Amino acid sequence: MTPHINAKEGAFAKLVLMPGDPLRAKYIADNYLEDVELVSDVRNVFMYTGYYQGNKISVCASGMGVPSIGIYSYELFDKYGVEAIIRIGSAGSFKADLKNYEIVLASSAYSESNAFRNSIIKGDKNNISIPNHELNELILKNARDLNMNVHFDRILSEDAFYADESVEERIEKSGGAVCVEMEAYGLFTVAEKLNKKAATLLTISDNLVTHEYTTSEERQNSFNDMMKLALSVAKDFQ
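Just so it is clear, the model here is predicted, and its values are computed rather than measured. (Residues numbered from 1 in each chain as written. Predicted model: local features only at pLDDT ≥ 70, side-chain atom pairs only at ≥ 80, totals over all residues. Heavy atoms only, no water.)

## Comments concerning the overall build of the chain
As a reminder of what qualifies: Numbering of helices and strands runs from the N terminus, with a helix taken as a DSSP run of H or I at least four residues long and a strand as a DSSP run of E at least two residues long. We compute the radius of gyration over the C-alpha atoms and compare it with the globule rule, which gives 2.2 Å times the number of residues raised to the power 0.38. The classification of residues rests on relative accessible area computed with a 1.4 Å probe and restricted to protein chains. Under 20% of the type maximum is buried, over 50% is exposed, and intermediate values are partly exposed. By definition, residues are in contact when any of their heavy atoms lie within 4.5 Å. Per-residue and other accessible areas follow the Shrake-Rupley method at a 1.4 Å probe size, with only the shown protein chains counted as cover for residues. Residues scored as charged are limited to Lys and Arg (positive) and Asp and Glu (negative), so that His and the chain ends carry no count. Lysine's charge is taken at NZ, arginine's at CZ, aspartate's at CG and glutamate's at CD.
Helix and strand counts for the chain stand at 8 helices and 11 strands. Relative to its length of 238 residues, the chain is compact, with a C-alpha radius of gyration of 16 Å against a globular reference of 18 Å. Dimensions of the chain along its principal axes, counting C-alpha atoms only, are 45 × 40 × 30 Å. Out of the 238 residues in the chain, the part that is buried amounts to 54%. Restricting the contact set of the chain to residue pairs at least 6 apart, pairs at least 24 apart contribute 75%. Carbon and sulfur atoms make up 47% of the accessible area of the chain, which amounts to about 10,800 Å² in all. Here the chain contributes 24 positively and 34 negatively charged side chains, and the mean placements of these two sets differ by 6 Å.

Shown next as structure tokens:
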């Protein structure tokens, strides 16, 4: 057990899928997993372990923001022996032609604040964190096998949800990010620190150019292609 996870030793699979929303974790557990068990519920941050097509996998919520995912990913990697985490989240698109429900795999994550990274990896003030190349290649291969179109691009991990900057300013400062979310930079930093694997898959939930939006219920329950793609990786972590 840790201060934030009350699961027993050995409760988690080698691969963890990590949505931000605890109810999205519950949705995946209820609709995709067999022999599933709720293994941790501290602060109602639900964490499940079960089987997808016969392969053991865990689904753990992260909450919102770099500090929150930083806590949960660090404890899962360091205290529970998890080998890989795939964040599965929502994002706001910076491009009119990157539409709602399309999927983005992060090639890198930019953050305007490097304080978290400098704390986790002392002296490292890089504003860019990189996912694991091997895990990304595996996800892209599975996407091809499932005939899914996935955009592979830089993303922006932003601290302020209500940012007072234009889309153009946010694209420029990030070096060409195609969308914005709030967690990947932290996840990639923790994985690098602990020599683990991490990736981030995002479904576009809002288009910040065309102003087309999805509801909270749609974000919770309708990102099924992203979920199936992430679940397909379970067979490679048995």
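## Considering the packing of aromatic side chains
How we decide: The criterion for an aromatic pair is that two Phe, Tyr or Trp rings (for Trp, the six-membered ring) have centres within 6.5 Å, with stacked assigned to planes under 30 degrees apart, edge-to-face to planes over 60 apart and tilted to the rest.
A full pass over the atoms with the stated rule returns 4 aromatic pairs. Between the aromatic rings of F161 and Y162, the centroid separation amounts to 4.9 Å while the plane-to-plane angle is 80°, which identifies the pairing as edge-to-face. Across the pair, Y162 and F161 agree in class, each one exposed.

## A look at the packing of helix α1 (residues 22-32) against helix α8 (residues 224-231)
What counts, and what does not: Note on geometry: axes are C-alpha line fits, over the in-contact stretch for helices, and angles between N-to-C directions span 0 to 180 degrees. With respect to orientation, any angle under 35 degrees is reported as roughly parallel, any angle over 145 as roughly antiparallel, any angle of 65 to 115 as roughly perpendicular, and every other angle as oblique. Crossings are classed by handedness, with left-handed meaning an anticlockwise turn of the near helix from the far one by less than a right angle and right-handed meaning a clockwise turn.
Contact pair α1 / α8: the axes reach a minimum separation of 12 Å and the direction vectors enclose 70°. For the element pair α1 / α8, the angle class is roughly perpendicular. Classified by chirality, the crossing of α8 by α1 is right-handed. Note on element contacts: α8 touches α1 through N224, M227, K228 and L231, opposite R24, Y27, I28 and Y32.

## A look at the layout of surface pockets
Applicable threshold: Whether a set of points on the 1 Å grid over the protein atoms alone is a cavity depends on a 1.4 Å probe fitting there but being unable to get out, while an open set qualifies as a pocket with protein on both sides within 12 Å along at least five of seven lines; lining residues are those with an atom within 4 Å of a point. Grid points are joined across faces, edges and corners, and a volume is the space filled by probe spheres set on the points. Gly is placed with the polar residues, together with every amino acid not listed as nonpolar (Ala, Val, Leu, Ile, Met, Phe, Trp, Tyr, Cys and Pro) or charged (Asp, Glu, Lys and Arg).
The volume enclosed by the largest pocket comes to roughly 700 Å³. Forming the boundary of the largest pocket are 27 residues, of which S90, F161, S205, D206 and R219 lie nearest the centre. If you list the elements that add at least two residues to the lining of the largest pocket, you get β5 (84-93), β9 (179-181), β10 (197-207) and α7 (216-221). No other element matches β5, which puts 5 residues into the lining of the largest pocket. By residue class, the composition of the lining of the largest pocket is 10 nonpolar, 8 polar and 9 charged.

## With respect to the nonpolar core
Heads up, the condition is: Take the buried residues of types Ala, Val, Leu, Ile, Met, Phe, Trp, Tyr and Cys, join any two whose side-chain atoms come within 4.5 Å, and each joined set is a nonpolar core.
F12, L15, L17, L76, I86, I139 and L201 are the most contacted members of the largest nonpolar core, which has 76 residues in total. No other element matches helix α6 (residues 184-194), which puts 7 residues into this core. In contact with I86, other than residues within four places in its own chain, are L15, V16, L17, M18, L135, I139, A199, L201, A230 and V233. Counting 6 residues, the second-largest nonpolar core is a separate cluster that includes L156, V167, A177 and V180.

Coordinates in, geometry out; function isn't part of it.
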